Amino acid sequence: MWKQLAKFVIKNRIVLLILLVLATGVMGYYASKIRLSYEFSKAIPTDNQKYQDYQAFKQRFGDEGNTLVMGIRSRDLFQLKNFKAYQQLVSNLKKIPAVEDILSAPGAVQLVKDSITEKMGAVKIFPDEIYSQQTLDSAAAIFFNLPFYEGRLYNKDSAAYLMAVRVNKEVFMTKERTKVVAAIMEKVNAFSANTKIETHLSGLPLIRTVVADRIQKEMKLFLLGSLAFSVLILLIFFRSVTTTLLSLAVVIIGVIWTVGITELCGYQITLLTALIPSLVVVIGIPNCIYFINKYHSSYLQSGNKNESLVNMVSKMGVVTLFCNITAAIGFAVFAFTKSAILKEFGVVAGCSIMVIFVISFILLPSVLSFLPVPGKTQLKYLNSKWITTLLSNLEKWVFGHRKTVLAITAVILAFAIAGIMKLKTVGYIVDDLPKTDVVYRDLKFFEHNFKGVMPLEVMIDTKKPKGILQSSIDIRKIAGFQDSVLAVQPDIAKPLSVVDGIKFSYQAISQGQGDSTYVLPSFGNPLAELHKTLRELQVKRQNNELQAKDSAMLKLVGAFVDSSEQYIRISMSMADVGTEKLPQILDTIQKSVSQTFDSSYKVTLTGTSITFLEGSRFIINGLKESIMWAFLLISVCMLYLFRSFRILICSLIPNLVPLVITAGLMGWVGVPLKPSTVLIFSVALGIAVDITIRFLVNYKQVLPENNFNVETSVKATINQTGLSIIYTSLVLIAGFIIFCASSFGGTFSLGWLTSVTLLTATATNLILLPVLLLVTSKKTKN
């Protein structure tokens, strides 16, 4: 069958090459339309309750992830020169078209009751024009005596100040977000240069933008790096520019198809899918090495070009097909998970790996048939002295130190298992950024001074329209929950809700200052002022007249009470505490919810912090499941290919050992199991099994030639496949090492840990696998 396919390809090479070029042109067109994802990982399935809760929250209150924060720490801010520069910064930021609103000290207001209309009005504390230090000091005294702003706009203990910049959420779903963030950073940096006050920027919009932009840049870096390393190794290997360019053409066409497939599937470039083009390079190059190596070795024996090409395809076609199938399985099993981002990665990676096989199968024999026969320089590597010496040493270990090999393997496994016991499962929203990165350091500034910027929301459903106005007991109960439960959490910032609006209003009505009057009124109905505000808000909503210039109380109520007046929102920010600590915090809050609210309320915890936790759980669990599926499906392929349970066991052990060693190494060096690192195991498994298949297929082919003598066949297999396996492993390791240049910690770990896994897999397949074949053959007939 494979000989017939080989003859078909060579006979119809011109037609096949034209079809391949035309199809690649079409895929290139679709690849040119690819877009970058500006969303965080779509890790949670749409039928998940946490996902549905978050969508329900956004439907009622809008997206809570479109606020960027700027912070400073200075005891000289309220010097006239510095404060005027701070005011000018607010003014400059408001000129940026996408900026919708800014909450800051210069824009702070106090509520004043109009003696004629009896209505509460918002009056700016700081005049737009301040001409004397005395005027500024007087306004600052009022500002610092209003508890509403403490912990939100300033930290009196550390002299830190926060400015919240709300940006149009639609902009943050487009590439314009980069320009908006750059414009904000430019204005902030100008303020810092003018006043010599250090500034800090953070918030989900900034983090998302930085991550997305770096993905785009690193995608190009990794692709070029993988190609450069591959070209270098191929030149060293084959000593031929034409052969190197041919191999390069295979992977470049494969990359075009990969990006085209991503677009055709309706996907965008994410942190995971950005890795696939580089993976295609490091998988496509080994295909080229194995095919061309077989062509060269066949030509060295026969001296006939066409016969060598037919032999190349017939011998290596089935091997490469099953190698690519197992590699594709290693990635495609992600499509079985419930995580959208993993499904996308699995579908695109699985399809791309099978496409690279088809490209190799058509392009290599077709083009090689047009090229001159290989010269002596090109074939010189087949008798490389260092490879010959290395393979000779491997033989000595396999045949002379079997028990030692097994003992060393057992000791290493014991050491690895001890490391696995130390392995932790924990993830952070920004833990893939290095701790020296300015984004990470700025986030820690806000965590230290304002307890963080990660959104956490509590949505309270009164289960009846206008339910929040029907009883003052409801508001007092919510206030008690907010003050005695949420506000005392060490990793959660000061909560904000309509309760604070009522307190703010009462403080203005009582004409008081400080904490003593920033309370709910102890007599009368605390909802009276809220009722008036809601009626005004209702009219404005119906007439679509809500504007930025509306009073602070009106905007506060509009943001924290939905239009049906059935739902109320308590909004907080929190530290990036990680997936290990966050569930404990949420459990504490949930227990208090059960104690505070009866069945007439439905209280939901939601927000980006919770969706991140749920997403991480789904990704990690999904990857664990995918590894099990990969082992199962790869086992089926191996069983079908070799039709021997003994060989199946022998084949799986050399690939399981490297994974255990890698997991143990992660435990010993302190690399946690998280979404970006758990990917290593499926990737390494899918690629490492290739080595096993190539070794065992060759073993099965030479076994009959050696009268089923296992020792002779094993020795022949080591010599025949060892060279290409070692060179292929070097290409794969070089391809993954390039990921170590990433600024993302997870991608960096993927680079060096996968390289270690592949290095270990090469050793186990060239030493442990032959030993297992020899040991088991004594007990079982072939």
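The structure presented is a predicted model; accordingly, all values stated were derived computationally and were not measured. (Residues numbered from 1 in each chain as written. Predicted model: local features only at pLDDT ≥ 70, side-chain atom pairs only at ≥ 80, totals over all residues. Heavy atoms only, no water.)

## Some words on the overall build of the protein
Stage number 1. Scanning the protein from terminus to terminus reveals 25 helices and ten strands.
Stage number 2. Taking the principal axes of the C-alpha coordinates as reference, the protein spans close to 110 × 50 × 45 Å.
Stage number 3. Going through the 782 residues of the protein one by one, you find that 58% of them count as buried.
Stage number 4. Sequence separation of at least 24 residues holds for 80% of the intrachain contacts in the protein that already meet a minimum separation of 6.
Stage number 5. Surface summary for the protein: the accessible area is close to 33100 Å², and the carbon and sulfur share equals 59%.
Stage number 6. The distance from the centre of the 78 positive side-chain charges to the centre of the 52 negative ones in the protein is 13 Å. (Helix = DSSP H or I, 4+ residues; strand = E, 2+ residues; numbered from the N terminus. Buried < 20%, exposed > 50% of the residue type's maximum accessible area, 1.4 Å probe, protein only. Contact = heavy atoms within 4.5 Å. Areas by Shrake-Rupley, 256 points an atom, 1.4 Å probe, with all protein chains shown as cover. Lys, Arg positive; Asp, Glu negative; His and termini not counted. Charge placed at Lys NZ, Arg CZ, Asp CG, Glu CD.)

## What about the packing of helix α10 (residues 305-332) against helix α11 (residues 340-370)?
Packed helix pairs are characterised by how far apart their axes lie and by the angle those axes make with each other.
Stage number 1. Two elements in contact, α10 and α11, have axes whose closest approach is 9 Å; the angle formed by their N-to-C orientations is 175°. One element, α10, and the other, α11, form an angle in the roughly antiparallel class.
Stage number 2. Tallied by class, the residues present in the contact of α10 with α11 amount to 19 nonpolar, six polar and one charged. (Axes fitted to C-alpha atoms, helices over the stretch in contact; angles between N-to-C directions. Parallel < 35°, antiparallel > 145°, perpendicular 65-115°, else oblique. Nonpolar A, V, L, I, M, F, W, Y, C, P; charged D, E, K, R; others polar.)

## A short note on the side chain of S369
Stage number 1. Here S369 lies in helix α11.
Stage number 2. You can call S369 buried: its relative accessible area is 10%.
Stage number 3. Within polar-contact distance, the side chain of S369 engages the side chain of R13 at 2.7 Å.
Stage number 4. Residue contacts for S369: discarding those within four places in its chain leaves R13, K305 and L309. (Polar contact = N/O pair within 3.5 Å; in protein donor to acceptor, adjacent residues only side chain to side chain.)

## Details of the side chain of D491
Stage number 1. Relative to the helices and strands, D491 is located in the loop between α16 (472-486) and α17 (498-509).
Stage number 2. Engagement of the side chain of D491 in a polar contact is seen with the side chain of K581, the distance being 2.8 Å.
Stage number 3. Setting aside its immediate chain neighbours within four residues, D491 contacts K451, S573, M574, A575, V577, K581 and I585.

## Examining the sheet that holds strand β9 (residues 567-574)
Consider a sheet: its strands pair through backbone hydrogen bonds, and that pairing is either parallel or antiparallel.
Stage number 1. Strand order in the open sheet made by the three strands is β9-β8-β10, with antiparallel pairing throughout. Looking at which strands have only one partner, the edges of the open sheet turn out to be β9 and β10 (602-606). The mean angle between the axes of side-by-side strands here comes to 15°, regardless of whether they run parallel or antiparallel.
Stage number 2. Pairing between strand β8 (residues 454-461) and β10: five bridges, direction antiparallel. (Pairing = 2+ DSSP bridges.)

## What to know about the pairing of β8
Stage number 1. The buried fraction of β8 amounts to eight of the eight residues, a majority that puts the element mostly inside the structure.
Stage number 2. Of the two faces of β8, the one holding M454, L456, V458 and I460 and the one holding P455, E457, M459 and D461 are both buried throughout.
Stage number 3. In this sheet, β9 lies alongside β8 in antiparallel orientation, the contact comprising eight bridges. Across the sheet, the residue bridging to L456 is M572, located in β9.

## Here's the deal with the environment of A416
Stage number 1. Tracing the backbone shows A416 in helix α14 (residues 402-420).
Stage number 2. For the pair A416 and L659, spaced 243 residues apart in sequence, the C-alpha to C-alpha distance is 9.6 Å.
Stage number 3. The residues contacting A416, other than those within four sequence positions of it, are V660, I661 and G664.

## Focus on the pattern of salt bridges
Stage number 1. One pass over the structure, following the stated rule, counts eleven salt bridges.
Stage number 2. Among the ionic pairs, D491 bridges to K581, the shortest N-O distance being 2.8 Å. With D491 in the loop between α16 and α17 and K581 in the loop between β9 and α20 (582-596), the pair connects residues that are 90 residues apart, well separated along the chain.
Stage number 3. Residue class for D491 comes out buried when judged on its relative accessible area of 15%.
Stage number 4. Note on K581: relative accessible area 37%, which makes it partly exposed. (Salt bridge = Lys/Arg side-chain N within 4 Å of Asp/Glu carboxyl O.)

## Regarding the nonpolar core
Stage number 1. The biggest cluster of nonpolar side chains holds 253 residues, and the ones touching the most others in it are Y86, F126, F143, Y149 and I184.
Stage number 2. With residues up to four places along the chain from it excluded, the contact list for Y149 reads A108, V109, I125, F143, Y154 and F504. (Core = buried A, V, L, I, M, F, W, Y, C linked by side-chain atoms within 4.5 Å.)

## Considerations on a nonpolar patch on the surface
Stage number 1. Taken together, I14, V15, I18, L19, L22 and F370 make up a surface patch of nonpolar side chains, about 600 Å² in accessible area.
Stage number 2. Ranked by residue count, the leading element in the nonpolar patch is helix α2 (residues 13-31), at five residues.
Stage number 3. Tracing the backbone through its elements, the reader meets V15 in helix α2. (Patch = residues over 30% accessible without salt bridge, like charges linked within 9 Å, V, L, I, M, F, W, Y side chains within 5 Å.)

## Notes on the packing of aromatic side chains
Stage number 1. Using the criterion set out here, one finds 27 aromatic pairs in the structure.
Stage number 2. Relative to F143, the ring of F78 has its centre 6.4 Å away and its plane inclined at 35°; by these criteria the two rings are tilted. One end of the pair, F78, is in the loop between β1 (67-73) and α4 (80-94); the other, F143, is in helix α5 (residues 133-144), and 65 residues separate them in sequence.
Stage number 3. Classification of F78 as buried rests on a relative accessible area of 13%.
Stage number 4. Between F357 and F361 the ring centres are 5.7 Å apart and the planes differ by 35°, which places this aromatic pair in the tilted class. Residue F357 and its partner F361 are both found in helix α11; the two are separated by four residues, about one turn of the helix.
Stage number 5. A connected cluster of aromatic rings, assembled from ring pairs, spans F78, F83, F126, F143, F144, F148, Y149, Y154, Y161 and F504.
Stage number 6. Above the ring of F148, the side-chain terminus of R152 is found at 5.1 Å from the ring centroid. (Phe/Tyr/Trp six-rings, centres within 6.5 Å; stacked < 30°, edge-to-face > 60°. Lys NZ or Arg CZ within 6 Å of the ring centre and 35° of its normal.)

## Focus on helix α6 (residues 176-195)
Stage number 1. Taking 1.5 Å as the rise per residue, α6 with 20 residues should run 28 Å; its terminal C-alpha atoms sit 29 Å apart, in good agreement.
Stage number 2. What α6 keeps buried is the set R177, V180, V181, I184, V188, F191, S192 and T195. Along the long axis of α6, the arc covered by the buried residues comes to 110°, so they all point the same way. Facing away from the buried side of α6, by more than 90 degrees, are the exposed residues K179 and E186.
Stage number 3. Each element contacted by the buried residues of α6 is listed here: β1, α4, β2 (99-103), β6 (160-167), β7 (199-202) and α7 (204-238).
Stage number 4. Phi turns positive, to about 65°, at K196, one or two residues after α6. (Expected span 1.5 Å × (residues − 1). Arc of directions from axis to C-beta.)

## Structural notes on the confidence of the model for the protein
Stage number 1. The predicted model of the protein averages 84 in pLDDT, with 91% of residues at 70 or higher.
Stage number 2. Element-level mean pLDDT values for the protein span from 55 in helix α18 (residues 528-542) up to 95 in α4. (pLDDT = per-residue confidence, 0-100.)

## Side note on unusual backbone geometry
Stage number 1. Phi at K451 takes a positive value of approximately 65°, unusual for a residue other than glycine.
Stage number 2. Within the element layout of this structure, K451 appears in the loop between α15 (438-450) and β8.
Stage number 3. Residue K451 is classed as partly exposed on the basis of its relative accessible area of 33%.
Stage number 4. Positive phi values are uncommon outside glycine, yet R643 reaches one of about 50°.

## Focus on the packing of helix α1 (residues 2-11) against α10
Stage number 1. Their axes nearest at 8 Å, the elements α1 and α10 cross at an angle of 120°. By the criterion of interaxial angle, the relationship of α1 to α10 is oblique. In the crossing of α1 with α10, the sense of the turn from one axis to the other is right-handed. When α1 is examined against α10, the residues W2, K3, A6, K7 and I10 are found in contact with a partner set consisting of L309, V310, V313, S314, G317, V318 and L321.
Stage number 2. When its residues are assigned to classes, the contact of α1 with α10 shows eight nonpolar, two polar and two charged. (Left-handed = near helix turned anticlockwise from the far one by under 90°.)

## Considering the environment of S132
Stage number 1. Within the fold, S132 resides in the loop between β4 (120-124) and α5.
Stage number 2. Here the side chain of S132 touches T135 through a polar contact of 2.8 Å, side chain to side chain.

## Examining the environment of R60
Stage number 1. Here R60 shows up in helix α3 (residues 49-61).
Stage number 2. Relative accessible area serves as the criterion here: at 33%, R60 is assigned to the partly exposed category.
Stage number 3. The spatial distance from the C-alpha of R60 to the C-alpha of M459 is 9.9 Å, given a sequence separation of 399 residues.
Stage number 4. Other than its neighbours up to four places away in sequence, R60 contacts M459, D562 and Y567.

## Focus on helix α21 (residues 608-642)
Stage number 1. Spanning 35 residues, α21 covers 49 Å between terminal C-alpha atoms, matching the ideal 51 Å at 1.5 Å per step.
Stage number 2. Immediately beyond the C-terminal end of α21, within one or two residues, lies R643, with a positive phi of roughly 50°.

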